[in-house]
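Observations on the model geometry
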Amino acid sequence: MSIKIRLSLIMTAFAVTLLSINTVLSFFTTRDNLRKDSEANMMVTAKQIALAVEQSRSVYEYIKNGTDPTNTRDFIEETLRMTSPENITQESMRANDNLLEITGISPARFEQDQTLIFGTYQYKNDPLIVSRARLALQKGATLLYETEIDGKRVLDSFIPIQPQYKEPYVIRIISSYEPISSAISKHMLSQLSISIVLLQIVIFTSYILAGKLIRPVQHILMKISSLSAGDFDTRMELYRKDELGQLAQQIDTMADSIGHYMTVLRRKNEENQLMKEHLESIINQTADAIHVTDLDGNVLRVNTAFEELFGWSSEEIVGSRLEFIPPFLSDEREGWSKEIWRNRPFVLTETVRLRKDGSEVHVSISESPVYDEAGLIVAFISISRDMTEHNKMEELLRRSEKLTTVGQLAAGVAHEIRNPLTTLRGFLQMQQRTKSINQMHTDIMLSELDRINLIVSEFLILAKPQAVLFEIKDVRFTLGDVISLLDSEAHLHNIEFQAHFSSSPILVHCEENQLKQVFINVLKNAMEAMPYGGKITLSLTEDNGREAVIQVIDEGEGIPKERLERLGEPFYTNKEKGTGLGLMVTQRIIEGHKGKMTIDSEVGKGTVVTITLPRVTEINKPEDVTTKKSLA
């Protein structure tokens, strides 16, 4: 329903209400006026009857006591009949059809059962007639009652009469209510006709006025519809000084603001769309596999590289849980979750994942949380890089480096071996000429052969891959075995070992014999750096529970800075009988154990060798205890 119709209906309803109130008030006013007129007429009638009664009484007394002998009896009776109250009441009733009964009542004679003075008493209302008559005499005013007697609606009037020097009485007049009802009906019909005509005029006028009042609102609504459709250049064009004019001005101001903001928003949206397309292009064109998961592990999105790497299409995997972690790495997911929920920005590791066909692929995975505006984690983004080709290239590079190293060693080995071979050739030629064996020459020759064997053995350890058995060992016992092995030799050189080990187990994943070789090489270097004896301190601690830290601190002569930088180069040594390969082999073994070694030295104070190895905190599976690996 439109506002115009509603406004017209409201005005019509208001008019109907006013007309209804007017009709009701007119009804009661007309009824009261008619009753007053009826009461006045009946009072006049009663006064006339009362006067006639008094005249009748006077005539009656005059005739009764009269001395005129000419008055005949018939004349007297006719005169008394014509002036009697009954005749007057009958004549009054004949003259007015609405008068039903006229009765003269004397309340004082009620006890003598002589209540009626004149008239008839056909319209009886015994319980109330005497009380109402007495009330009228007490008040000295006419009482008018609208009542129903014998099923007929009438007006029951009591008019008090108080003659001089005589007993007061009441004239009761019963009149029909029909004239009043008829007059009221005619008046109400006339009033209703006038109201209907006025209502029609009001409806027509209200509809026209409502249309005129609502026309500016309709204009505003039409302009607002244009605004809602996106036409922010439209204007109200409503020049008024009332509230509607102010509303139109405010709407124009709002349209200007919205138009400006929409222009800015449209530009920002275009920029965001371009950025989104750009990012999507980058994500889809990148060679790394990217997938996004929710907190329950369900995949939200993948890129093209993910589909190519793992074999699942976007339609297959989005919305489902990605199960691509091998069974032997089932605990890896839980460990990652702990790291991420500790507010680490990302987790990076190299691991193994399963393709759709069940085959394994070596990947480097970086996982990071995605936060919302409140700083809460809402998703995880994982970037996987296929490491297959990378590992192949690394292996080729490692082999290339190894060949380079072997090439460097070859020249050194040729140089180192040439000297003892020259010695052997000289002694053999001498024995060939002398044709005799000299024991001292034989001992020198065997010593030179041992030197050649030592050079070749260390060269093979460095250059030739060896199959080794990795196990989880407590490095405290491994280092203790080496100390026990070298303790006797240390005492011969007046050297004392002082060990400071952790009270709790420190487990590492290692090949124990190679680790012993590392410790032997480091301790022997320390012993050889202390020709006058002293103390070698060995400490074994843990760093943040993740690494085992071994330190060997000697009290030797120290190493100059320029020599410290060259340690580990092939055949670089300052020992008289050294090969320069021991420290290089030691570093390679430590690298094979994913550890690192640092050397700090100060001339005159000693040297500190620090070896750091990854620590094993838990043993979950048999695979963690023993593994096969190729170490170069």
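Residues numbered from 1 in each chain as written. Predicted model: local features only at pLDDT ≥ 70, side-chain atom pairs only at ≥ 80, totals over all residues. Heavy atoms only, no water.

**Some words on the packing of aromatic side chains**
For the structure shown, the criterion picks out 4 aromatic pairs. Consider the rings of Phe-306 and Phe-310, whose centres lie 4.9 Å apart with planes at 45°: the pair is tilted. In this pair, Phe-306 and Phe-310 both sit in helix 7 (residues 304-310), 4 residues apart, roughly one turn of the helix. Residues Phe-306 and Phe-310 agree in their burial class; the two are buried. Ring geometry for Phe-310 against Phe-324: centres 5.2 Å apart, planes inclined by 70°, an arrangement best described as edge-to-face. Note that Phe-310 is positioned in helix 7 and Phe-324 in the loop between helix 8 (314-317) and helix 9 (332-341), a separation of 14 residues in sequence. (Phe/Tyr/Trp six-rings, centres within 6.5 Å; stacked < 30°, edge-to-face > 60°. Helix = DSSP H or I, 4+ residues; strand = E, 2+ residues; numbered from the N terminus. Buried < 20%, exposed > 50% of the residue type's maximum accessible area, 1.4 Å probe, protein only.)

**Notes on helix 13 (residues 512-528)**
Taking 1.5 Å of rise per residue, the 17 residues of helix 13 would be expected to cover 24 Å, and the 24 Å separating its terminal C-alpha atoms lies within 8% of that figure. Along helix 13, the residues classified as buried are Gln-514, Leu-515, Val-518, Phe-519, Asn-521, Val-522, Leu-523, Ala-526 and Met-527. A side-chain oxygen of the first residue of helix 13 lies 2.8 Å from the backbone nitrogen of Gln-514; this N-cap is Glu-511. (Expected span 1.5 Å × (residues − 1). Polar contact = N/O pair within 3.5 Å; in protein donor to acceptor, adjacent residues only side chain to side chain.)

**Considering the confidence of the model for the protein**
Looking at the protein, the pLDDT average stands at 76 and 78% of residues meet or exceed 70. Ranking the elements of the protein by mean pLDDT puts strand 18 (residues 626-631) last, at 35, and strand 15 (residues 547-553) first, at 90. Counted against residues more than four places away or in other chains, residues 620-632, with its pLDDT under 50, gives 40 contacts. (pLDDT = per-residue confidence, 0-100. Contact = heavy atoms within 4.5 Å.)

**Details of the sheet that holds strand 5 (residues 169-176)**
Spatial strand order, 2-1-5-4-3: 5 strands in an open sheet with antiparallel pairing. The sheet is open, and its two edges are formed by strand 2 (116-119) and strand 3 (143-149), each paired on a single side. Strand-to-strand, the axes of this sheet are offset by a mean angle of 25°, without reference to chain direction. Pairing geometry for strand 3 and strand 4 (residues 152-161), over 7 bridges, is antiparallel. Residue pairing across strands places Leu-143 opposite Phe-158, the latter belonging to strand 4. On top of the sheet, helix 3 (residues 85-95) reaches strand 1 (99-105) and strand 2; it is set at about 155° to strand 1, its chief contact. (Pairing = 2+ DSSP bridges. Axes fitted to C-alpha atoms, helices over the stretch in contact; angles between N-to-C directions.)

**Section: unusual backbone geometry**
The phi dihedral of Asn-494 falls on the positive side, at around 60°, and the residue is not glycine. If you trace the backbone, Asn-494 turns up in the loop between helix 12 (475-492) and strand 12 (495-501). Within the chain, Lys-594 stands out as a residue other than glycine whose phi angle is a positive 60°. Mapped onto the secondary structure, Lys-594 falls in the loop between helix 15 (582-592) and strand 16 (596-602).

**Here's the deal with the side chain of Asp-288**
As for its position among the elements, Asp-288 is in the loop between helix 6 (243-285) and strand 6 (289-293). Of note is the side chain of Asp-288, whose polar atom sits 2.9 Å from the side chain of Arg-385. Excluding anything up to four places from it in sequence, Asp-288 contacts Asn-303, Ala-305, Ile-383, Ser-384 and Arg-385.

**Things to note about the environment of Ile-437**
Relative to the assigned elements, Ile-437 resides in the loop between helix 10 (388-434) and helix 11 (439-463). Each C-alpha atom, one on Ile-437 and one on Phe-427, is 9.6 Å from the other, the two residues being 10 residues apart in sequence. If sequence neighbours within four positions are ignored, Ile-437 has contacts with Gln-431 and Thr-442.

**Quick look at the nonpolar core**
With 33 residues, the main nonpolar core has Phe-497, Phe-519, Ile-536 and Ile-611 as its most contacted residues. Of all the secondary-structure elements, those providing two or more residues to this core are helix 12, strand 12, strand 13 (507-510), helix 13, strand 14 (534-543), strand 15, helix 15 and strand 17 (606-616). Broken down by element, the residue count for this core peaks at 7 residues, all from helix 13. Grouped together as the second largest cluster of nonpolar side chains are 21 residues, Met-42, Ala-46, Leu-144 and Leu-155 included. (Core = buried A, V, L, I, M, F, W, Y, C linked by side-chain atoms within 4.5 Å.)

**Let's talk about the pairing of strand 9 (residues 360-371)**
Bridge analysis of strand 9 against strand 10 (residues 377-386) gives 9 bridges, and the strand direction is antiparallel. Residue Ser-364 lies in a different strand from strand 10, and its bridge partner there is Arg-385. Hairpin connection from strand 9 to strand 10: 5 residues lie between these consecutive antiparallel strands, with Gly-375 at a positive phi of about 85°.

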